[in-house]
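# Coordinates in review
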Amino acid sequence: MNGVIARMMKRLQITQMKNKDARTRLMTEILNNMKSIKLYAWNKAFMSKLNHIRNDLELNTLRKIGATQSVANFTWSSTPFLVSCTTFAVFVLVNDDL
């Protein structure tokens, strides 16, 4: 189970890095071409592109990463308890037949 969660986290991390790269490229383009953007009044168009990357893509991926991390923490925390319960259940079932 932890292996599956680790693969999901890796996939989400790769997606997050691609989103950050896209945002960084867009910010570089905005900063390098600030004069042209202001001259042609493309402020709203570039801001909407930037907000889409930030709010829709990056934050959505961060929510997924947080939820996956929570599941991973729960499984790591509950494993000793589940092993103890399983061991006790097997002990009871084996000794019940005697």
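All values reported here derive from a predicted model rather than from experimental measurement.

### Things to note about the environment of K64
Residue placement: K64 occurs in helix α3 (residues 43-97). Linking K64 and L12, residues 52 residues apart in sequence, is a C-alpha distance of 7.5 Å.

### Considering the nonpolar core
L26, I30, I37, F46, L50 and I53 together form the largest nonpolar core, which totals six residues. Going through the elements one at a time, α1 (2-32) and α3 are the ones with two or more residues in this core. Counting residues per element, this core draws most heavily on α3, which supplies three residues. Leaving out residues up to four positions away in the same chain, F46 has contacts with L26, E29, I30 and I37. The next biggest cluster of nonpolar side chains, apart from the first, holds five residues, and it includes I5, M9, I65 and A72.

### Looking at a nonpolar patch on the surface
A surface patch of nonpolar side chains, amounting to about 380 Å² of accessible area, comprises L39, Y40 and W42. Within the secondary structure, W42 is located in the loop between α2 (34-39) and α3.

### Looking at the pattern of salt bridges
Applying the stated criterion to the full structure yields one salt bridge. Across the pair E58 and R23 runs a salt bridge whose closest N-O atoms are separated by 2.4 Å. Residue E58 is located in helix α3, and its partner R23 is located in helix α1; the two are separated by 35 residues in the primary sequence. For R23, a relative accessible area of 25% gives the class partly exposed.

### What to know about α1
Over its 31 residues, α1 extends 44 Å from the first C-alpha to the last, a length consistent with the 45 Å expected when each residue adds 1.5 Å. Restricting attention to buried positions, one finds in α1 the residues I5, M9, L12, Q16, N19, L26 and I30.

### A look at the side chain of Q16
Residue placement: Q16 occurs in helix α1. With sequence-adjacent residues up to four places away left out, Q16 is seen in contact with E58, T61, L62 and I65.

### Topic: the packing of aromatic side chains
Each aromatic ring pair is characterised by the separation of its centres together with the angle its planes make. Tallied over the full model, the rule gives one aromatic pair. With centroids separated by 5.0 Å and ring planes inclined at 25°, the aromatic side chains of Y40 and W42 adopt a geometry described as stacked. A residue is classified by how much of its surface remains accessible, and W42, at 41% relative accessible area, is partly exposed.

Criteria and thresholds
- Residues numbered from 1 in each chain as written.
- Predicted model: local features only at pLDDT ≥ 70, side-chain atom pairs only at ≥ 80, totals over all residues.
- Heavy atoms only, no water.
- Helix = DSSP H or I, 4+ residues; strand = E, 2+ residues; numbered from the N terminus.
- Core = buried A, V, L, I, M, F, W, Y, C linked by side-chain atoms within 4.5 Å.
- Buried < 20%, exposed > 50% of the residue type's maximum accessible area, 1.4 Å probe, protein only.
- Contact = heavy atoms within 4.5 Å.
- Patch = residues over 30% accessible without salt bridge, like charges linked within 9 Å, V, L, I, M, F, W, Y side chains within 5 Å.
- Areas by Shrake-Rupley, 256 points an atom, 1.4 Å probe, with all protein chains shown as cover.
- Salt bridge = Lys/Arg side-chain N within 4 Å of Asp/Glu carboxyl O.
- Expected span 1.5 Å × (residues − 1).
- Phe/Tyr/Trp six-rings, centres within 6.5 Å; stacked < 30°, edge-to-face > 60°.

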